[in-house]
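Notes for the structure review
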Amino acid sequence: LVKVNKKLPFFELPIFTDFEIFNEENLINETNYFLFCGSAGYFDTIKFIIDSFTASLLNSKLVLIINGNKNQIERVLSYINDFSTKKDIICKSNLTYRNLVGYYKNSKALLIPLNPGVKDAARFPHKIAEYCASRRPIISSNHGEVKKFFKHKKNALLVNNHKIKELNNLMKYVEDNPVIADEIGLESYSLGYEKFNYEKYGIKII
């Protein structure tokens, strides 16, 4: 349409969420974990995260908050059972949204690596807006839409080559540099509040 009529108004709406919800009292006491939240149908992504987490010894747990049908979830659980470190990998489902937010806010870092290729280059997960609102460092990929907004070690930690060792090293970096990780989390919040806060878009859309 833009090629046909260059005067046509065009508005690009990114991911967004309600940042005020993330200011509510935290209901979760658990700490010392990395977290991924998403559909169990993204098995390749979950497998990449698990393989990276178990590639070398980390002093944290991995929490996977997943949803999906029975077969999808059982596939993830079956894969976890193959690891001697499975006691350090925790799967949760069907949380209330307030509890989910609590898990976000208490994490060491929030994981959302993107797979290389056209499909994920065109995808901008809504979850990233929620991750920003949580004020925790995000570990993602220097790929697609993410690359347009985030800068490595400024407001996120970004994998360049989608390698297991690379993601594992970024988890280690968070463990070894908690102060810097907190600063990165605050920078991601600042970015998200300006770019992914739904309240910023009402007047612009009108």
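What comes next is a walk through the structure. (Residues numbered from 1 in each chain as written. Predicted model: local features only at pLDDT ≥ 70, side-chain atom pairs only at ≥ 80, totals over all residues. Heavy atoms only, no water.)

Details of the pairing of strand β5 (residues 138-141)
- Burial along β5 is two-sided: Ile138 and Ser140 facing one way and Ile139 and Ser141 facing the other are all buried.
- With 2 bridges joining them, strand β4 (residues 109-111) and β5 adopt parallel strand pairing. When the bridges of β5 are listed, Leu110 appears paired with Ile138.
- In terms of strand pairing, β5 meets strand β6 (residues 157-159) through 3 bridges, oriented parallel. Residue pairing for β6: Ile139 is matched across the bridge by Leu157.
- Taken together, β5, helix α6 (residues 144-149) and β6 form a β-α-β motif whose crossover is right-handed. (Buried < 20%, exposed > 50% of the residue type's maximum accessible area, 1.4 Å probe, protein only. Helix = DSSP H or I, 4+ residues; strand = E, 2+ residues; numbered from the N terminus. Pairing = 2+ DSSP bridges. Right-handed = clockwise from strand over helix to strand, strands pointing away.)

Re the environment of Asn168
- Looking at the secondary structure, you find Asn168 in helix α7 (residues 164-176).
- With a relative accessible area of 0%, Asn168 lands in the buried category.
- Through-space distance from the C-alpha of Asn168 to that of Asn94 is 28 Å; in sequence the pair is 74 residues apart.
- When residues no more than four places from it in sequence are discounted, the contact partners of Asn168 are Ser52, Phe53, Ala55, Ser56 and Leu58. (Contact = heavy atoms within 4.5 Å.)

A few points about unusual backbone geometry
- Of note, the phi angle at Lys153 is positive, near 65°, even though the residue is not glycine.
- Within the secondary structure layout, Lys153 lies in the loop between α6 and β6.
- Positive phi values are uncommon outside glycine, yet His162 reaches one of about 55°.
- Tracing the backbone shows His162 in the loop between β6 and α7.

With respect to the packing of aromatic side chains
- Counted under the stated rule, the structure contains 12 aromatic pairs.
- With 6.3 Å between their ring centres and 35° between their planes, Phe150 and Phe196 make a pair best called tilted. Placement of Phe150 in the loop between α6 and β6 and of Phe196 in the loop between α8 (178-195) and α9 (202-205) is noted, with a sequence separation of 46 residues between them. Assigned by exposure class, Phe150 and Phe196 land together as buried.
- Taken together, the ring pairs connect Phe124, Phe149, Phe150 and Phe196 into an aromatic cluster.
- In this structure, Arg75 is placed above the aromatic ring of Phe43, and the distance from its NZ or CZ to the ring centre is 3.8 Å.
- The cationic tip of Lys204 hangs over the ring face of Tyr201; the distance from NZ or CZ to the ring centre is 5.3 Å. (Phe/Tyr/Trp six-rings, centres within 6.5 Å; stacked < 30°, edge-to-face > 60°. Lys NZ or Arg CZ within 6 Å of the ring centre and 35° of its normal.)

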